[in-house]
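# Per-entry structural report
The lines below spell out each chain.
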Amino acid sequence: MNNLIQNYEIILFELQNTCGHISSRKQIRLPNLSDIELVALNITAEYMSIHSELQLFRAIKGTFLASTIERSVYNKRKRSLCGYIEKIRYHLSSKFSTFTDVFIVDSTPIAICKMSRANRSEICSTATIKPSFGYCAAQKTRYFGYKLHAVCDKNGIFHSYDFTPANVHDVNYLNDIKHYFENCLLIGDRGYISKDLQIDLFNHSNINLSVPMRKNQHDFVAFSKTKSKVRKRIETAISQLNGQFNIHINLAKSFQGLATRIVSKITSFTMIQYLNYFIFNRDINKTKINLG
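Described below are features of the structure shown in this document. None of the values given here were measured: they were computed from a predicted structure.

## Some words on helix H2 (residues 35-47)
Its 13 residues place the ends of H2 18 Å apart at the C-alpha level, agreeing with the 18 Å of an ideal helix rising 1.5 Å per residue. Among the 13 residues in H2, 12 count as buried, and that is most of the element. Among the residues of H2, Asp-35, Ile-36, Leu-38, Val-39, Ala-40, Leu-41, Asn-42, Ile-43, Thr-44, Ala-45, Glu-46 and Tyr-47 are the ones counted as buried. Ser-49 lies just past H2 and shows a positive phi near 60°.

## Topic: the packing of H2 against helix H9 (residues 255-279)
Packing of H2 against H9 leaves a shortest axis separation of 9 Å and a crossing angle of 80°. Comparing their axes, H9 and H2 come out roughly perpendicular. Residues Asn-42, Ile-43, Glu-46 and Tyr-47 of H2 pack against Arg-261, Ser-264, Lys-265, Thr-267, Ser-268, Met-271 and Ile-272 of H9. A class-by-class count of the residues in the contact of H2 with H9 yields four nonpolar, four polar and three charged.

## Observations concerning the side chain of Thr-270
Turning to its location among the elements, Thr-270 is positioned in helix H9. Classification of Thr-270 as buried rests on a relative accessible area of 0%. Beyond its immediate stretch of four places on either side in the chain, Thr-270 contacts Arg-89, Leu-92 and Ser-93.

What counts and what doesn't
- Residues numbered from 1 in each chain as written.
- Predicted model: local features only at pLDDT ≥ 70, side-chain atom pairs only at ≥ 80, totals over all residues.
- Heavy atoms only, no water.
- Helix = DSSP H or I, 4+ residues; strand = E, 2+ residues; numbered from the N terminus.
- Expected span 1.5 Å × (residues − 1).
- Buried < 20%, exposed > 50% of the residue type's maximum accessible area, 1.4 Å probe, protein only.
- Axes fitted to C-alpha atoms, helices over the stretch in contact; angles between N-to-C directions.
- Parallel < 35°, antiparallel > 145°, perpendicular 65-115°, else oblique.
- Contact = heavy atoms within 4.5 Å.
- Nonpolar A, V, L, I, M, F, W, Y, C, P; charged D, E, K, R; others polar.

Encoded structure:
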């Protein structure tokens with residue numbers, strides 16, 4: 001419990017110093033727990049692998065935070081602050097934007113329920129972006145839900161991401177990337193093989209897309225071992241999101257709730273990386289280390 005409050009105060013202090021200028025929504029009556037304080041509590045919970053509100057409010061019972069907000073209000077306000085949390089994540093990641101011009105693109109499945117319940121599931125059924133059946137080649141499994149596409153740099157900082165139904169091919173995400181990146185090297189796996197998009201990325205934003213060739217392709221050239229090693233950085237980052245931040249555990253019933261959970265986890269991951277590098281002067285990706 002003391003660790004939670006200690007971590008919360010460290011994260012809140014840095015959020016106020018770094019992101020205090022970012023405006024949230026206008027409020028006529030100020031709540032006991034401000035928006036930035038709520039986001040700090042949310043980020044702290046994700047960092048400490050507390051992935052449910054019930055578990056969180058058991059953890060803060062008996063502390064000064066317990067009297068500032070109710071569980072149901074916390075959940076509603078957190079969903080309404082999804083855009084504000086994303087602004088914070090973007091601002092934190094922008095601190096690393098000049099560090100490198102090498103980026104990696106990949107995707108990971110976001111299942112919303114078990115396959116046995118997929119045909120009768122009501123989760124996200126009213127969303128504009130509806131869930132669908134998909135196949136994850138890396139895990140060799142079918143799933144029902146969404147696909148999270150992401151771009152991180154070679155240091156493991158996420159700079160862009162998006163959701164699509166599970167049946168959307170990875171290569172379609174490249175159409176969005178050209179509007180957010182330029183003059184860089186982008187490394188992907190074989191799921192991003194597309195000669196036309198490779199040319200389009202280079203002509204539009206001077207992005208050099210590098211992916212391993214299939215062995216049956218004409219004029220086959222082996223993929224660089226250095227690039228293969230760099231590409232593993234995003235696989236490690238996704239594994240951290242899965243292991244410590246429980247990104248593959250879905251407790252949401254609506255798409256807004258699901259999106260808020262994903263944004264919160266990526267923001268928490270970025271916040272810890274920011275603290276590691278700029279505040280504590282230690283390995284940027286040691287996210288399980290104590291903050292205090």
